[in-house]
Every structure is written in C-alpha cells, then in structure tokens.
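# Close look at the chain arrangement
Listed here are the chains, written in short residue letters.
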Amino acid sequence: MINRICIAASLGLALAAPPSDAAPVSEQGKSCHLSGSEETLRCISVPVPLDYGKAGGEQLKLHVTVAPAFRESARPDPLFVLAGGPGQAGSDVLPLLPALRKVRATRDIVFIDQRGTGLSGKLDCETKPGYEALTEAELDSEARLCIAKIGKSFAPYGTDSAARDIEQVRRALGYGQINLWGGSYGTRLAQHYARAFPSSVRSMILDGVAAPDQIVPAGGRDAQAALDTLFDQCRAEPACNKAFPALRAEFAALAERVATDKLVLELSDPRTAAPLRLAMTRERFQSTVHNILYSPLDSRRLPFLIHSAYLGRWAPFVARRNVASDFSADGAVAIVLHLAVVCAEDVPRLTPELVAENARQTFMSAPALARLAGLCPAVKVPAAPYRAPATIAAPILMLSGALDPVTPPRRAEAAGRHMARAQHLVVANAGHGVSHLGCGPRLMREFLDQPQGKVDGACLKEIPAPSFQLNSAGPQP
C-alpha cells in the first residue's frame, strides 16, 4: 500500500491545479430535486475509470450533488462531504444540509455518491417481503445469490479507488484546494485522500473518527463501554433507577435467553398488526442493541425496551429493531459495496486473538464476525495490505461523542497521532455524530474560516442529555 500511496501522492502534487477549461459549477450538470432536500440543487455526472490500473479501460459515472454557496462571492474552497458506511451515499446524507447552512453561506457544499453507492451504480441487494422472519443462514444464502447475480469484479471498489475519485471530481468541477467533512467511514476515506493528494486539501473536519488501524467490525469493546455508561447513567438518575433497579441483571438474562438461538416470538407485527412469528436470535438481539446505542436520544429508550422484553413484552423491542431497516432520511447502505470494502480492508486483519477479544466480556459475539467473514469469499476481493500511515499536514478538527459505540474518543486520539495539526473536541452527551448538535454548525464555520486558529468548544458542554423513557408513554418530560 505504501507504493500505491506514494504514487498517488506524487500524482496529486502534479494535478493540484484545476484545469483551466473547467466550466463554473453553476454551468455544469443540471438542476435537480433529491430526497432529503426541499430546494433545487445541481446534479453533475463525473466519469471516472472503473479500474485505475487499466489505462483506457471501462468507465463509470459518479453522481455528484452540489449545493451552491448562498453568496455570489463564494470562497474558492468548497466543502466536500464524505458519507459513512461504507455503503452510504452523499445523496443519502443531504439532510445534513441544514447543519451546514453557516458553512454554505460562503462555500459550495459537494456531496459525492461514492462508487457503488446511491446514484453511482449502487451495489445492493433487493429486500424481499418477510425477510425479517428469515434465519441468518437464509439471509446469507440470499446475499450470496445477489452477489452472484450482480456478476462483476468488486476489486475496484475499495477506499483507494474512492479517494482517487474525489480527486477526479475536484478537477472536473474546477476547484483548487478543498475542505473535507467526513463522518464515520467517511473519516477513513478523508484521511486516505489527504495522504494520497496532500496538496489538494486545505482542511478537514472529521466527525466520529475511525483510526487508521481500526478494524471496524471488531468493535465489541467500544460497544460494551457505551452500554456500561448507559447503565451507569440510569442507575445514577433516581427515576430511571427506580423504574429499572435490576437493569444489568435483566440484560444479562436476556442475553442468556437469546444465546441459544432458539427463542421464537409470536406477536402482532408492529408494522401491520398481523400475526408474526420471529426468531429472536443472538445476532438480531445484539445488532439491535448496538444500533440503538448510536444515538443518545435513542439509547435513553433502551432500559425500557430491555425491561419490557425481560417481562416477555417484546413488541417495543421488535418495533425499534424495524427502524434500522425502514425507509429513513439517511438512506440504506449498499450492502455489497459494504462487503467489498470491509472484506478487503478489515476482515483480512481479523486475527483469532482479536475475534476472541471482541467477544470477551462484551455483549457482541464472535459468531457475528464469523458470519461476516463467511460472506467474503462470495465477493472475491483481494486483501488490501495495511501499512503504517503517513502524517497528515493539513489542519484538522476532530469531533467525538463520548457515548459513541463505534468511533469513541479513543479512536480519534489514535488517529491524531498521525496528524500534525489536529484539534479534538469531545461532547459528553453525544453519540455517533456531533456536527449537527448545539453550536456544532457555528464551530465548523469558524474552523473553516480560520483553520489555523484554535476552536473554543466550551459551548458543546451545553448540549443536554436526553431524558430516559420510563414507560410506554415515552421519554419523561
């Protein structure tokens, strides 16, 4: 990987200046209306090589959405938004635009649908009716059939190619240096791009920072820390402790019940009220809990959901589980693209010791990792070799939520060891995603206007903790 990065870095130095014949963004593409935004935006198609190692080979078209700056005298350095996943598209996170209004006052905001996501040739599988009732083995069989049906090589869909795509978009749109905003996996992609094309990067905002050496699927320790903190907070609050005095014991009992993978629920479907027979497997239980922990507002419902399930009332838990797969503003992850990236960049570094550590004293289990690894032979991607990361020279603002179950502050601290000029702000009452909270939008604008200056994040302490839900009526006032 060092060789490829060095080659890309030298190429970036050579291509830093935008082509002189690039048309203004306002004249490129066409006006468009996309889900997640009520206003007219610019949609631009940018052709890029499918395989950067094959000159003159097949091309694919990247979908790029541009929200032009509000002021005509816009600054020349836009903000490129890199979504998470891997598998989420820029057009999926257009609801982030309101949080970027202060930035957009003076800068274009550019959303890229990463290759294999959204409107850039999404690599995904059709969700069939009744999939919730399928076993994990049946779901895996459906995934393998879907992967085979797509019938293409997924090797060109990794982070390295996605980073090169960003450079192609920058040049096609006629920009000089750009700023990057990355969320979750987008922070990995942003760091990769900054190392490959250092002269193209003016500054970076990384929200929910993934460390360069982080193996994302092996996040049991971080997930358990978030769950333990939630339990401690419930115990410390009189009303929550009174409502759920045996919360830890009830969760442990539920974990033991589902561990056999033989718990079958019979209830009314929370969506349709029709009779539903559902196997509540260990993996379904764990993944639902993990998903809930991403948002503090959501996690404050978890004690009630645990207690209800412990008493045999599983409907609230199942209803919440459905949220992760229902249509939402964030859009659905392109699962095959997700596998193409993770199977090349994460799974090959999953040692038996790490798998054991991931399951030791955490509610996350080894079988879930084994199931993920079991799908990798179907996508047939070569392992991407890991090399020690080079230092990033551009100014960086890192944002972390103290309650984040997947990219907590310790991951940002690890990433910061390879950054020459990084600031790190931690929000006590935030989970996975900080930019849109409280004074976050203002701080991002201040940083982008003066990336060399120090950002005063004291106002982030004013972000309150949400109320716990104590009963079926919802969160307490």
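Structure's up top.
Presented here is a report on the structure given in the accompanying data block. (Residues numbered from 1 in each chain as written. Predicted model: local features only at pLDDT ≥ 70, side-chain atom pairs only at ≥ 80, totals over all residues. Heavy atoms only, no water.)

### Topic: the packing of aromatic side chains
One pass over the full model with this rule turns up 8 aromatic pairs. Here the aromatic rings of phenylalanine 285 and tryptophan 314 are separated by 6.3 Å at their centres, their planes lie at 75°, and the arrangement is edge-to-face. Of the two residues, phenylalanine 285 is situated in helix α9 (residues 282-292) and tryptophan 314 in the loop between α11 (302-310) and α12 (315-323); the sequence distance between them amounts to 29 residues. Here tryptophan 314 falls in the buried class, since its relative accessible area comes to 7%. Between phenylalanine 285 and phenylalanine 317, the aromatic rings sit 5.4 Å apart at their centres with planes inclined by 20°, giving stacked as the arrangement. Placement of phenylalanine 285 in helix α9 and of phenylalanine 317 in helix α12 is noted, with a sequence separation of 32 residues between them. For the pair phenylalanine 285 and phenylalanine 317, a shared accessibility class is recorded, and that class is buried. (Phe/Tyr/Trp six-rings, centres within 6.5 Å; stacked < 30°, edge-to-face > 60°. Helix = DSSP H or I, 4+ residues; strand = E, 2+ residues; numbered from the N terminus. Buried < 20%, exposed > 50% of the residue type's maximum accessible area, 1.4 Å probe, protein only.)

### Quick look at the environment of threonine 407
Within the fold, threonine 407 resides in the loop between β10 (396-401) and α16 (409-416). Residue threonine 407 is classed as buried on the basis of its relative accessible area, which comes to 3%. Among residues more than four places away in sequence, those in contact with threonine 407 are Gly208, Val209, Ala210, Gln214 and His432. A polar contact of 2.7 Å, which involves the side chain of threonine 407, links it to the side chain of aspartate 404. (Contact = heavy atoms within 4.5 Å. Polar contact = N/O pair within 3.5 Å; in protein donor to acceptor, adjacent residues only side chain to side chain.)

### What to know about the pattern of salt bridges
In total, this model carries 22 salt bridges according to the counting rule given. The residue aspartate 77 makes a salt bridge to arginine 107 at a minimum N-O spacing of 2.7 Å. Residue aspartate 77 is located in the loop between β3 (59-67) and β4 (79-82), and its partner arginine 107 is located in the loop between α2 (101-104) and β5 (109-112); the two are separated by 30 residues in the primary sequence. As far as burial versus exposure is concerned, aspartate 77 and arginine 107 are alike and both buried. Across the salt bridge formed by aspartate 232 and arginine 248, the nearest N and O atoms sit 2.7 Å from each other. Here aspartate 232, found in helix α6 (residues 220-236), pairs with arginine 248, found in helix α8 (residues 247-258); they are 16 residues apart in sequence, far enough to count as distant. Take aspartate 232: its relative accessible area is 44%, and that puts it in the partly exposed class. Look at the salt bridges and you will find they share partners, linking Arg75, Asp77, Arg107, Arg202, Arg445 and Asp449 into a network. (Salt bridge = Lys/Arg side-chain N within 4 Å of Asp/Glu carboxyl O.)

### Some thoughts on α12
For α12, the complete set of buried residues consists of Phe317, Val318, Arg320, Arg321 and Asn322. Buried-residue contacts for α12 involve β8 (264-268), β9 (275-279), α9, α10 (296-299) and α11.

### Brief notes about the state of the cysteines
Counted by the stated rule, this structure contains 5 disulfides. Shown here is the disulfide that connects cysteine 125 with cysteine 146, its sulfur atoms set 2.2 Å apart. Measuring handedness by torsion sign, the sulfur bridge of cysteine 125 and cysteine 146 sits at about -95° and is left-handed. Of the two residues, cysteine 125 is situated in the loop between β5 and α3 (136-150) and cysteine 146 in helix α3; the sequence distance between them amounts to 21 residues. The class for cysteine 146 is buried, based on a relative accessible area of 13%. Residue pairing for cysteine 234: its cysteine sulfur links by disulfide to cysteine 240, the two sulfurs lying 2.0 Å apart. (Disulfide = S-S within 2.5 Å.)

### Digging into the nonpolar core
Counting 65 residues, the largest nonpolar core has Phe80, Leu173, Leu180 and Met204 as its most contacted members. Counting residues per element, this core draws most heavily on helix α13 (residues 335-345), which supplies 8 residues. The contacts of phenylalanine 80, once residues within four sequence positions are left out, are Val110, Ile112, Ile166, Val169, Arg170, Tyr175, Ile178, Asn179, Leu180 and Trp181. Of all hydrophobic cores here, the second largest spans 34 residues; its members include Ile109, Phe111, Leu443 and Leu460. (Core = buried A, V, L, I, M, F, W, Y, C linked by side-chain atoms within 4.5 Å.)

### Let's talk about α13
Of all 11 residues that make up α13, 9 are buried, and the element is covered over most of its length. When α13 is considered as a whole, its buried residues turn out to be Val336, Leu337, Leu339, Ala340, Val341, Val342, Cys343, Ala344 and Glu345. Here the buried face of α13 lies against α3, α4 (159-172), α5 (185-196) and α15 (366-379).

### A look at the side chain of arginine 320
Looking at where arginine 320 falls in the secondary structure, it is placed in helix α12. A polar contact is formed between the side chain of arginine 320 and the side chain of asparagine 291, at a distance of 2.6 Å. Aside from chain neighbours lying at most four places away, what touches arginine 320 is Asn291, Ile292, Asp298 and Leu305.

### Some words on the pairing of β4
Burial along β4 is two-sided: Leu79 and Val81 facing one way and Phe80 and Leu82 facing the other are all buried. Inspection of the sheet shows β4 paired to β5 by 3 bridges, in the parallel sense. Looking at β5, one finds that valine 81 is bridged to phenylalanine 111. As defined by bridge partners, β4 adjoins strand β6 (residues 178-183) across 4 bridges and the pair is classed as parallel. Note that in β6 the partner of phenylalanine 80 across the bridge is leucine 180. (Pairing = 2+ DSSP bridges.)

Interpretation in functional terms is not warranted from these geometric data alone.
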